[in-house]
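# Report on the structure
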Amino acid sequence: MSDKNSFLVFSGTNSRYLAEKICASLGCPLGNLVVTKFSDGEFGVSFEESIRGRDVFLVQSTFPNSDNLMELLLMIDAAKRASARNIIAVVPYFGWARQDRKDKPRVSIGAKLVADLLSVAGIDRLITMDLHADQIQGFFDVPVDHLYASGVILPYLQSLRLKDMVIASPDVGGSKRANTYAKYFGCPLVLCNKTRARANVVASMQIIGDVKDKNVVIIDDMVDTAGTITKAADIMKQAGAKTVRACASHCVMSGPASERVQNSALEEIVFTDSIPYTKRCDKVKQLTIADMFAETIRRVEDNESISSQYLV
């Protein structure tokens, strides 16, 4: 492996829990970075050790609120001004990714704006996981290492040894992702066709496929208010499913999500720890992605291929 002195790992405030696990996996200390807050809510960052000529990996998911994104931008700027050799943003959860196109007139494309902000701030590379839309990689003019949560979710599902398993997608848009899981397990794919009344509100839903006496696993990239996934679980249970569980990459779980999951037909809902989850819900389980990101950092430093990490 590369000399551990050739790179340093730093973390933003709210992703420190993950950065510490990544550093433990790499066998290196977490770099010393200080965030100074002012009484009006403004803040600044400073590296408390020399990073001149070093590769710096900045771990920070950009989940709400927007302070996490601003903190990352300031970290990148500080690293550039401190003469870092390469600045690699490690963003397990890439926020604003749902705004990836103009789906109606006169709207912003937030994903492109965030990509531009990171590029202008000065990143040389991005390491992220399960973007809401794959084409967001093309919004960047720097290399993007796009990891998949399937690397930790598939082994977990295998450990359950479920019989009569069916993979389901909560909407038609996620069918490609769910189909990848179905092919891996060699089991049927079921789709949910939903219509939305407005953002975060599902109007109606129909199941396409057979779930009777099956153990259903719903696959998604993120769960926000949990309206779609809990409605899908309840409908599948009514249609005769034996058990229904869900797996999603990013644990957004905002507003009434935890209560909805707790009161739903779901056996459990499995996430990665790309976003911290602090609320109480007995059905939520988080799998760590620290080892996967640590191995990617090691391979980037050693100029090795990362594609061999992908299970699917």
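Owing to the predicted nature of the structure, the values given are computational and were not obtained by experimental measurement.

You'll often see interface size given as the accessible area lost when the parts meet. You can read the domains of the protein as domain 1 (7-147) and domain 2 (150-288). Computed from C-alpha atoms alone, the centre-to-centre distance between domain 1 and domain 2 is 28 Å. With 14 residues of domain 1 in contact, the opposing surface of domain 2 contributes 14 residues. Across the interface of domain 1 and domain 2, roughly 1,200 Å² is buried in total on both sides, 55% from carbon and sulfur atoms. The interface formed by domain 1 and domain 2 includes three salt bridges. The salt bridge partner of K21 is D273, with a shortest N-O separation of 2.6 Å. Across the domain 1-domain 2 interface, the total number found is ten residue pairs in polar contact (both at pLDDT 80 or more). At three residues, the largest contribution of residues to the side of domain 1 that touches domain 2 is made by helix 1 (residues 16-26). Residue composition of the side of domain 1 that touches domain 2, by class: seven nonpolar, three polar and four charged.

Two aromatic rings are characterised by how far apart their centres lie and by the angle between their planes. With the rule as written, the count across this model stands at five aromatic pairs. On the numbers, 5.3 Å between centres and 85° between planes, the contact of Y148 with Y310 is edge-to-face. Taken together, the residues Y148 in the loop between strand 7 (144-147) and helix 4 (150-160) and Y310 in the segment after helix 8 (290-301) connect sequence positions 162 residues apart. Taking the relative accessible area as the measure of exposure, Y148 reaches 27% and is therefore partly exposed. What makes Y310 partly exposed here is its relative accessible area of 29%. Ring geometry for Y184 against F185: centres 5.3 Å apart, planes inclined by 90°, an arrangement best described as edge-to-face. Exposure remark for F185: the relative accessible area of 23% places this residue in the partly exposed category.

Conventions used here
Residues numbered from 1 in each chain as written. Predicted model: local features only at pLDDT ≥ 70, side-chain atom pairs only at ≥ 80, totals over all residues. Heavy atoms only, no water. Domains from an automatic or database assignment. Contact = heavy atoms within 4.5 Å. Buried area = accessible area lost by both parts, 1.4 Å probe. Salt bridge = Lys/Arg side-chain N within 4 Å of Asp/Glu carboxyl O. Polar contact = N/O pair within 3.5 Å; in protein donor to acceptor, adjacent residues only side chain to side chain. Helix = DSSP H or I, 4+ residues; strand = E, 2+ residues; numbered from the N terminus. Nonpolar A, V, L, I, M, F, W, Y, C, P; charged D, E, K, R; others polar. Phe/Tyr/Trp six-rings, centres within 6.5 Å; stacked < 30°, edge-to-face > 60°. Buried < 20%, exposed > 50% of the residue type's maximum accessible area, 1.4 Å probe, protein only.

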